[in-house]
Amino acid sequence: MSEATGAHLKRTLGPITLTLFGLSYMAVGTVFTTYGIVNQLTEGHLVDSYIVALVVMLFTAASYAAMVRRYPVAGSAYTYSQQAFGGTTGFLTGWVLMLDYLFIPMINFLILGLYASTQFPSVPTWVFTLAALIAVFVFNVLGISLVGKINTVIVVVSLAAVIVFAILAIKAAINDPNAPSLLEPFIPGSVGYSPIFTGAAILALSFLGFDAVSTLSEEAKNPRRDIPRAIMLTTIIGGLIFIVVSYVGARAYYLDDWSTASTELLDAAGAVLFSHVGGEVLAAIFVIITVAGCFGSGLAGQVAVSRILYSMGRDGILPKPLGILSKRFGTPIVAATTVSIVALASLFVSLDQAAFMISFGALAAFAMVNLSVIRTYLFPKGGRTEPVSAWGWFRYGVIPLIGFGLTIWLWTSLEGLTWIVGGIWMLIGVVILALKTGFFRKPVPKLNFSEEIPSTEAIDALSAEYPLDAAEARSER
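Residues numbered from 1 in each chain as written. Predicted model: local features only at pLDDT ≥ 70, side-chain atom pairs only at ≥ 80, totals over all residues. Heavy atoms only, no water.

Under an unreviewed UniProt entry, the chain has the name APC family permease and belongs to Leucobacter manosquensis. For the chain, the Subcellular location (unreviewed entry) comment in UniProt is given as "Cell membrane". (UniProt positions renumbered as here; feature names shortened; annotations may be inferred.)

**Some thoughts on the overall build of the chain**
Each helix and strand counted, the chain has 18 helices and 0 strands in total. When burial is assessed residue by residue, the chain has 54% of its 477 residues classed as buried. Looking at the chain alone, contacts between residues at least 24 apart form 82% of all its contacts between residues at least 6 apart. Accessible area of the chain: about 20,200 Å², with a carbon and sulfur share of 68%. (Helix = DSSP H or I, 4+ residues; strand = E, 2+ residues; numbered from the N terminus. Buried < 20%, exposed > 50% of the residue type's maximum accessible area, 1.4 Å probe, protein only. Contact = heavy atoms within 4.5 Å. Areas by Shrake-Rupley, 256 points an atom, 1.4 Å probe, with all protein chains shown as cover.)

**Observations concerning the side chain of Thr-198**
With respect to the helices and strands, the residue Thr-198 is situated in helix α8 (residues 194-202). Excluding anything up to four places from it in sequence, Thr-198 contacts Leu-41, Phe-356 and Ser-413.

**Overview of the nonpolar core**
Counting 128 residues, the largest nonpolar core has Phe-32, Phe-165, Phe-207 and Leu-363 as the members making the most contacts within it. Among the elements that make up this core, the one with the highest residue count is helix α5 (residues 87-119) (20 residues). Not counting residues within four places of it along the chain, the set of residues in contact with Phe-207 comprises Met-26, Tyr-50, Ala-53, Leu-54, Met-57, Thr-235, Gly-239 and Phe-242. (Core = buried A, V, L, I, M, F, W, Y, C linked by side-chain atoms within 4.5 Å.)

**Examining the confidence of the model for the chain**
Mean pLDDT over the chain: 77, with 81% of residues reaching 70 or higher. When the criterion is pLDDT under 50, residues 1-9 qualifies, and its contacts beyond four places in sequence or with other chains add up to 12 contacts. Low pLDDT, under 50, characterises residues 447-456; the predicted model gives this stretch 38 contacts beyond four residues in sequence or across chains. (pLDDT = per-residue confidence, 0-100.)

**Focus: the packing of aromatic side chains**
Using the criterion set out here, one finds 16 aromatic pairs in the structure. Here Phe-91 and Trp-95 contribute two aromatic rings whose centre-to-centre distance is 6.3 Å and whose plane-to-plane angle is 5 degrees, an arrangement assigned as stacked. With Phe-91 and Trp-95 both in helix α5 and 4 residues apart, the pair spans about one turn of that helix. For Trp-95, a relative accessible area of 5% translates into the label buried. When the ring of Phe-360 is compared with that of Trp-419, the centres are 5.4 Å apart and the planes differ by 90 degrees; the resulting orientation is edge-to-face. With Phe-360 in helix α14 (residues 351-378) and Trp-419 in helix α16 (residues 416-436), this residue pair connects regions lying 59 residues apart in the sequence. Residue class for Phe-360 comes out buried when judged on its relative accessible area of 3%. Three or more aromatic residues joined by ring pairs form one cluster here, namely Tyr-50, Phe-207 and Phe-242. Over the face of the ring belonging to Tyr-377 we find Arg-70, whose NZ or CZ atom lies 4.7 Å from the ring centre. (Phe/Tyr/Trp six-rings, centres within 6.5 Å; stacked < 30°, edge-to-face > 60°. Lys NZ or Arg CZ within 6 Å of the ring centre and 35° of its normal.)

**Here we look at helix α4 (residues 76-85)**
Within α4, 9 of the 10 residues are buried, which leaves it mostly tucked inside the rest of the structure. All of the buried residues in α4 are Ser-76, Ala-77, Tyr-78, Thr-79, Tyr-80, Ser-81, Gln-82, Gln-83 and Ala-84. At the C-terminal side of α4, Gly-86 shows a positive phi close to 105 degrees.

**Concerning a nonpolar patch on the surface**
A cluster of nonpolar side chains, contributed by Ile-51, Val-55, Leu-182, Leu-183, Phe-186 and Ile-187, occupies part of the molecular surface with about 540 Å² of accessible area. Inspection of the secondary structure puts Ile-187 in the loop between α7 (148-175) and α8. (Patch = residues over 30% accessible without salt bridge, like charges linked within 9 Å, V, L, I, M, F, W, Y side chains within 5 Å. Salt bridge = Lys/Arg side-chain N within 4 Å of Asp/Glu carboxyl O.)

**Thoughts on α5**
For α5, with 33 residues, the first-to-last C-alpha span of 49 Å sits near the 48 Å given by 1.5 Å per residue. A bend of about 25 degrees at Phe-103 is the largest found in α5, and the proline Pro-105 appears one to four places after it. Among the 33 residues that make up α5, 29 are buried, leaving the element largely enclosed by the rest of the structure. (Expected span 1.5 Å × (residues − 1). Bend = angle between axes of the 7 residues up to and from the residue.)

**Some remarks on the packing of helix α3 (residues 46-70) against helix α15 (residues 390-411)**
The N-to-C vectors of α3 and α15 enclose an angle of 135 degrees; their axes lie 9 Å apart at closest approach. With respect to their mutual orientation, α3 and α15 come out oblique. The interaxial crossing formed by α3 with α15 has left-handed handedness. Between α3 and α15, the contacting residues are Val-52, Val-56, Phe-59, Thr-60, Ala-62, Ser-63, Ala-66 and Arg-69 on the first element and Arg-395, Tyr-396, Ile-399, Pro-400, Ile-402, Gly-403, Leu-406, Thr-407 and Leu-410 on the second. In the contact of α3 with α15, the residues fall into 11 nonpolar, 4 polar and 2 charged. (Axes fitted to C-alpha atoms, helices over the stretch in contact; angles between N-to-C directions. Parallel < 35°, antiparallel > 145°, perpendicular 65-115°, else oblique. Left-handed = near helix turned anticlockwise from the far one by under 90°. Nonpolar A, V, L, I, M, F, W, Y, C, P; charged D, E, K, R; others polar.)

**Focus on the packing of α3 against α8**
Close contact between α3 and α8 brings their axes to 8 Å; oriented N to C, the two are set at 60 degrees. In this view, α3 runs oblique relative to α8, as classed from their interaxial angle. Of the two possible hands of crossing, α3 and α8 adopt the one that is right-handed. Contacts between α3 and α8 involve Asp-48, Ser-49, Val-52 and Ala-53 on the former and, on the latter, Pro-195, Ile-196, Phe-197, Gly-199 and Ala-200.

Right, dumping it as structure tokens:
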């Protein structure tokens, strides 16, 4: 809500729409993005990594749901950690999240180039990646962004493609006498469980949909009720889709030694798998769908990042020029240019490196949300006036503590290079924070991840408008 103008976001979204949004953000076709990378890492046991990832994400999703009930506003992990631990922690949590915002468009450009090159092998992959990046920059400056209906259409088509693949994969496995047994995809290989945990850490990027749902709290009809439900449904439905697709894929297309997998299978697994179970025509259709989806997602991501940087520049958190709007188009042209320059890294980084960095930021944010639940419900600022029930200790203590532990476990499974890059990024954030606060002598500025994060007074007003139901109110006591 804007205190200056009284304007506010319209509350029009119900639980079904919110769940569909979460699933669309998760992009059900993303299972093919890391298919080859994680299969090679786990010796063909992608399905195990997805199962581990889903279990971990369910605990974290429950923590998101708990925080939404207390703070039914936009801002996601940034808002929750800021309200629970203060401005410094909130800023650093938001700063780590910037890795997601910067690398998600980048990974879309990478995938677009890889899949387009499967149909035009004589053209270098970087040509398609650069062309998409330039086109997105132009649209960003002109102010043209994809509307929700277009994104929904792309997601529906992607889901249809995934369903078609699953049906054909099941048919191929039934007709193949050499197909693995029903249980073989679940049995770890000779390398044991450690690679499965690392694979699960990479796959954390596949579950960012429930984080996206939490950002719509100010547009939900009943945020305290509908957002938590949508968060849990998004996680469960999306996770089950990933598990089913990876399982049928393991039975329809298998390798005795994934270390010998082709570069095309590792980078553009979807095209290879669709060609294997449905022929070249279906593979070509899948490539078209994937390229269109990646372009749309890349455009939406670049527009979002530009607005974030514009807001940070306007508020003085980052250099002021980032807050400059184009006089002709009314768009954040400096921020858009900066984001596109950063996205040029997609010409040099590999798909697995980008995936690792997205997971680094996501898992860090997930860990802080779990801790925020414990602080907010069990050890609030100013202390508690009433004792906590046994159920309250379990719901707001044990569950988020398990979620935190599991998330840290996956976080530490990431590669060493990821920690080096992530650590440097965190250090930059600390330096920025120190400079902006006179080495922490002044208040920490707010990092806005939505149009405007409401003030504490606005949060209290929203909490009064959508109070806790009787059951939850009792559980807090």
